[in-house]
Protein chains: 2
Amino acid sequence: MKKVLVITYDKVDDSELMYPLYRLEEAGFEYDVCSLEKKTIHAKIFVTAEATLLPEETDTSVYDALYLPGGSAPEKLRQNARIKEIAREFVRDGKPVCAICHGPLILISAGLVKGRKATCYAGVRDDLINAGAIYSDEAVVTDGCLITSRHPKDLPAMMKAFVAAINAK
Amino acid sequence: MKKVLVITYDKVDDSELMYPLYRLEEAGFEYDVCSLEKKTIHAKIFVTAEATLLPEETDTSVYDALYLPGGSAPEKLRQNARIKEIAREFVRDGKPVCAICHGPLILISAGLVKGRKATCYAGVRDDLINAGAIYSDEAVVTDGCLITSRHPKDLPAMMKAFVAAINAK
């Protein structure tokens, strides 16, 4: 069974946590939530998820894909060295890496966007561009194993692309 | 393009509105939201949807399926004669009818559950049974064109069945 690693923290966007986690389950995939603490993660409004894994104990070789939701969580997560390394390992291994909204901030800090086509929340678009990405204002932008989206309304297009990419591996 | 009718109102469950509407969009289906007023529908916590259609102006012949989310909305909706008739028209025409949580209350009032295998939220299970349904405590119960589920955690199983039923028509 395919297995997806989700890295997030408190104040993640509710929709960006709820829709993808249900959707991965519907697709028949397993997932683990990795965070800065092992605890119940509380999204901004009401959605929750159980974080069962710390970055330093995460072995990326057992996962088929990585999902990075947005909200305020990525600004905390991008400061963690092991999380940046995890993102680089997925890209190095050619496994799908999907990030939405503020999620691409982690890809910026991991040095993964230079020369790559990508998108993100409009409020951090300039940071994506300054990091060397080729920004595109589309619902979903795919460049190799990188899949990025802008905001919750893009979730249907994003998950269609992400599920297909996981199934294609 | 396949088209789904969604009947709901204020105080619908957030998850039961968000996941299915995004999921229908991901599947490439269109949908219209029918309600007691043409306005922005506010789920219990924060999810919204635009109701553009009143029951009395709804022509079921242009739709391929019906979705009835739960929350507090169905207790209001089940009192509307045209909404009950709409549900009966979908069943008469053999089109998929999907209801979750308190959504099956509308099917009870429409006289559609007698002798049919179905499920619902545990708090109204006795009403489903008293209406003559064969209750089953499963994530998703399918009996002919009727697809029912218990609560938000069943959404992945429910939408897998519902999307497949719509595509099979």
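See the structure shown above.
Okay, so let's go over this structure. Residue numbering note: each chain is counted from 1, following its sequence as written. Following the order in which they are written, the chains are lettered starting with A and the ligands numbered starting with 1. The predicted nature of this model means local features are confined to residues of pLDDT at least 70 and side-chain atom pairs, given and counted, to a pLDDT of 80 or more, with totals for whole chains, interfaces and linings taken over all residues. Note: side-chain values were computed over all heavy atoms of the structure, leaving out hydrogens and water.

## What about the nonpolar core?
- Here, the term nonpolar core denotes a set of buried Ala, Val, Leu, Ile, Met, Phe, Trp, Tyr and Cys residues that are joined through side-chain atoms within 4.5 Å. In this scheme, a residue with accessible area under 20% of its type's maximum is buried, one over 50% is exposed, and one in between is partly exposed, where area comes from a 1.4 Å probe on protein chains only. The biggest cluster of nonpolar side chains holds 118 residues, and the ones touching the most others in it are Phe162 of chain A together with Phe162 of chain B.
- The contacts of Phe162 of chain A, once residues within four sequence positions are left out, are Val4, Leu24, Ala65, Leu66, Tyr67, Pro96, Cys98 and Ile147 of chain A. By definition in these notes, contact holds between two residues if any of their heavy atoms fall within 4.5 Å.

## Comments concerning the side chain of Thr119 of chain A
All names here are of chain A.
- For the purposes of this entry, the term helix denotes a DSSP run of H or I that reaches at least four residues, the term strand denotes a run of E that reaches at least two, and both are numbered from the N terminus. You can see Thr119 is positioned in the loop between β7 (117-118) and α5 (125-130).
- Using a relative accessible area of 0% as the deciding quantity, one classes Thr119 as buried.
- Counted as a polar contact is a pair of N or O atoms within 3.5 Å, where, for protein atoms, one must be capable of donating a hydrogen and the other of accepting one, and residues adjacent in sequence contribute only when both atoms are in side chains. A distance of 2.7 Å separates a polar side-chain atom of Thr119 from the backbone oxygen of Ser136.

## Here's the deal with the packing of aromatic side chains
- Two rings from Phe, Tyr or Trp (for Trp, the six-membered ring) form a pair when their centres are within 6.5 Å of each other. A pair whose planes differ by under 30 degrees is stacked, one over 60 is edge-to-face, and the rest are tilted. All told, the structure shown has six aromatic pairs over all chains when counted by the stated rule.
- Ring geometry for Tyr22 of chain A and Tyr19 of chain B: centres 5.4 Å apart, planes at 75 degrees, overall edge-to-face. With one member in each of two chains, Tyr22 of chain A in helix α1 (residues 14-26) and Tyr19 of chain B in helix α1 (residues 14-26) form a pair that bridges those chains. Both residues of the pair, Tyr22 of chain A and Tyr19 of chain B, count as buried.
- Ring geometry for Tyr67 of chain B and Phe162 of chain B: centres 6.2 Å apart, planes at 40 degrees, overall tilted. Taken as a pair, Tyr67 of chain B in strand β5 (residues 65-68) and Phe162 of chain B in helix α6 (residues 155-168) lie far apart in primary sequence, 95 residues in all.

## Describing the relation of the copies chain A and chain B
- Of the transformation placing chain A onto chain B, the axial shift is 0.0 Å and the rotation is 180 degrees, giving an RMSD of 0.0 Å. Accordingly, the operation relating the two chain copies is best matched by a two-fold axis. Within chain A, Tyr19 of chain A has its C-alpha nearest the rotation axis, a separation of 2.9 Å. Only residues with pLDDT of at least 70 in both copies count here: their C-alpha atoms drive the least-squares fit that superposes the copies.

## Quick look at the interface of chain A and chain B
- With 16 residues of chain A in contact, the opposing surface of chain B contributes 16 residues.
- A buried area of about 1,600 Å², summed over both sides, lies between chain A and chain B, and 64% of it is on carbon and sulfur atoms.
- What counts as a salt bridge is simple: a side-chain nitrogen of Lys or Arg found within 4 Å of a carboxyl oxygen of Asp or Glu. Inspection of the chain A/chain B interface yields two salt bridges.
- Among the ionic pairs, Arg23 of chain A bridges to Glu26 of chain B, the shortest N-O distance being 2.9 Å.
- Taken together, the connections running from chain A to chain B amount to eight residue pairs in polar contact (both at pLDDT 80 or more).
- Of all the secondary structure elements, the ones that give two or more residues to the side of chain A that touches chain B are α1 and α6 (155-168) of chain A.
- Considering every element that reaches the side of chain A that touches chain B, the biggest residue donor is α1 of chain A, with eight residues.
- In this classification, the charged set is Asp, Glu, Lys and Arg, the nonpolar set is Ala, Val, Leu, Ile, Met, Phe, Trp, Tyr, Cys and Pro, and all remaining amino acids, among them Gly, are polar. Considering only residue class, the side of chain A that touches chain B consists of nine nonpolar, one polar and six charged. Once two parts are brought into contact, the accessible area they lose, counted with a 1.4 Å probe and summed over both, makes up the buried area.

## Re helix α3 (residues 81-92) of chain B
Residue and element names in this part refer to chain B.
- To estimate the expected span of a helix, count its residues, drop one, and scale the result by 1.5 Å. Between its first and last C-alpha atoms α3 spans 16 Å; for 12 residues at 1.5 Å apiece the expected length is 16 Å, and the two agree.
- Along α3, the residues classified as buried are Arg82, Ile83, Ile86, Ala87, Glu89, Phe90 and Val91.
- For α3, the secondary structure elements touched by its buried residues are β1 (3-7), β5, α2 (73-77), β6 (97-100), α4 (104-109) and β10 (146-149).
- For α3, the side-chain oxygen to backbone nitrogen distance between the N-cap and Arg82 is 3.0 Å, and the N-cap itself is Asn80.
- Of the residues one or two after α3, Gly94 is the one with positive phi, at around 70 degrees.

## Some thoughts on the sheet that holds strand β9 (residues 140-143) of chain A
All names here are of chain A.
- Across the sheet, six strands lie side by side as β2-β1-β5-β6-β10-β9; this open sheet has mixed pairing. Edge strands, defined here as strands with exactly one partner in the open sheet, are β2 (30-34) and β9. Each neighbouring strand pair of the sheet contributes to a mean axis angle of 20 degrees, computed without reference to strand direction.
- Here five bridges tie strand β1 (residues 3-7) to β2, and the two strands are oriented parallel to one another. Bridging from a neighbouring strand, Lys3 pairs with Glu30 of β2.
- Each of β1, β5 (65-68), β6 (97-100) and β10 (146-149) touches helix α3 (residues 81-92); the most contacted strand, β1, lies at about 145 degrees to it. Whether two strands pair comes down to DSSP finding at least two bridges between them. Axis angles are defined between N-to-C directions and span 0 to 180 degrees, where every axis is a line fitted to C-alpha atoms and, for a helix, only to the segment in contact.

## Side note on the sheet that holds strand β2 (residues 30-34) of chain B
Residues and elements named next belong to chain B.
- The sheet built from six strands is open, its strands ordered β2-β1-β5-β6-β10-β9 with mixed pairing. Whereas interior strands pair on both sides, the edge strands pair on one side only; in this sheet they are β2 and β9 (140-143). This sheet shows a mean twist of 20 degrees between the axes of neighbouring strands, independent of strand direction.
- The strands touched by α6 within the sheet are β1, β5, β6, β9 and β10, with β5 carrying the most contacts at an inclination of about 165 degrees.

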